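# Observations on chain architecture
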Amino acid sequence: HLSIRRQRQMCIRDSERLARTNSLPPLDLELRPSGRATKESALIEFERIKALVSHDEQNWELWFRLGECYDASGDRKLARKAIRKAIKLANDSKAL
């Protein structure tokens, strides 16, 4: 059984690999001077990606982008959950 630390390391490694291989265009976010997305732009992208995911629930790239949307919106818990789902789907499809 893997430790929590080892699981976290593997998740980070896998998510970095998915970020490099994702063929979808990056999110269209308006950024504040701090580098964080504005709430309005994050919400618009979230709704767009959420609609795409609902039409293609087995697409790991869309789940990865959904995780990025959650992160941009400040919801880290749901961001991690969506990224884990993307990793699982990518593993199932042999993308990793």
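Everything below is about the structure printed above this text.
Here the structure is a predicted model, which is why all the values come from computation and not from measurement.

### Some remarks on helix 2 (residues 39-55)
End to end, helix 2 covers 25 Å across 17 residues, agreeing with the expected 24 Å (1.5 Å per residue, within 8%). Structurally, helix 2 contributes buried residues whose contacts are with helix 3 (60-73).

### Remarks on the packing of helix 3 against helix 4 (residues 76-92)
Where helix 3 contacts helix 4, the axes come no closer than 8 Å and their chain directions differ by 165 degrees. With respect to helix 4, the element helix 3 is oriented roughly antiparallel. By crossing handedness, the relation of helix 3 to helix 4 is classed as left-handed. From helix 3, Trp60, Trp63, Phe64, Leu66, Gly67, Tyr70 and Asp71 reach across to helix 4, where they touch Arg76, Leu78, Ala79, Ala82, Ile83, Lys85, Ala86, Leu89 and Ala90. Looking at the contact of helix 3 with helix 4 residue by residue, the class counts come to 12 nonpolar, 1 polar and 3 charged.

### A short note on the pattern of salt bridges
Summed over the entire model, instances satisfying the criterion amount to 4 salt bridges. Among the salt bridges present, the one from Arg48 reaches Glu45, with a minimum N-O distance of 2.8 Å. Of this pair, Arg48 and Glu45 both sit in helix 2, separated by 3 residues, roughly a single helical turn. Using a relative accessible area of 4% as the deciding quantity, one classes Glu45 as buried. A salt bridge links Arg65 to Glu68, with the nearest nitrogen and oxygen atoms 2.7 Å apart. Taken together, the positions of Arg65 and Glu68, both in helix 3 and 3 residues apart, correspond to about one turn of that helix.

Conventions adopted
Residues numbered from 1 in each chain as written. Predicted model: local features only at pLDDT ≥ 70, side-chain atom pairs only at ≥ 80, totals over all residues. Heavy atoms only, no water. Helix = DSSP H or I, 4+ residues; strand = E, 2+ residues; numbered from the N terminus. Expected span 1.5 Å × (residues − 1). Contact = heavy atoms within 4.5 Å. Axes fitted to C-alpha atoms, helices over the stretch in contact; angles between N-to-C directions. Parallel < 35°, antiparallel > 145°, perpendicular 65-115°, else oblique. Left-handed = near helix turned anticlockwise from the far one by under 90°. Nonpolar A, V, L, I, M, F, W, Y, C, P; charged D, E, K, R; others polar. Salt bridge = Lys/Arg side-chain N within 4 Å of Asp/Glu carboxyl O. Buried < 20%, exposed > 50% of the residue type's maximum accessible area, 1.4 Å probe, protein only.

Note that all results are geometric; they support no functional claim without further evidence.
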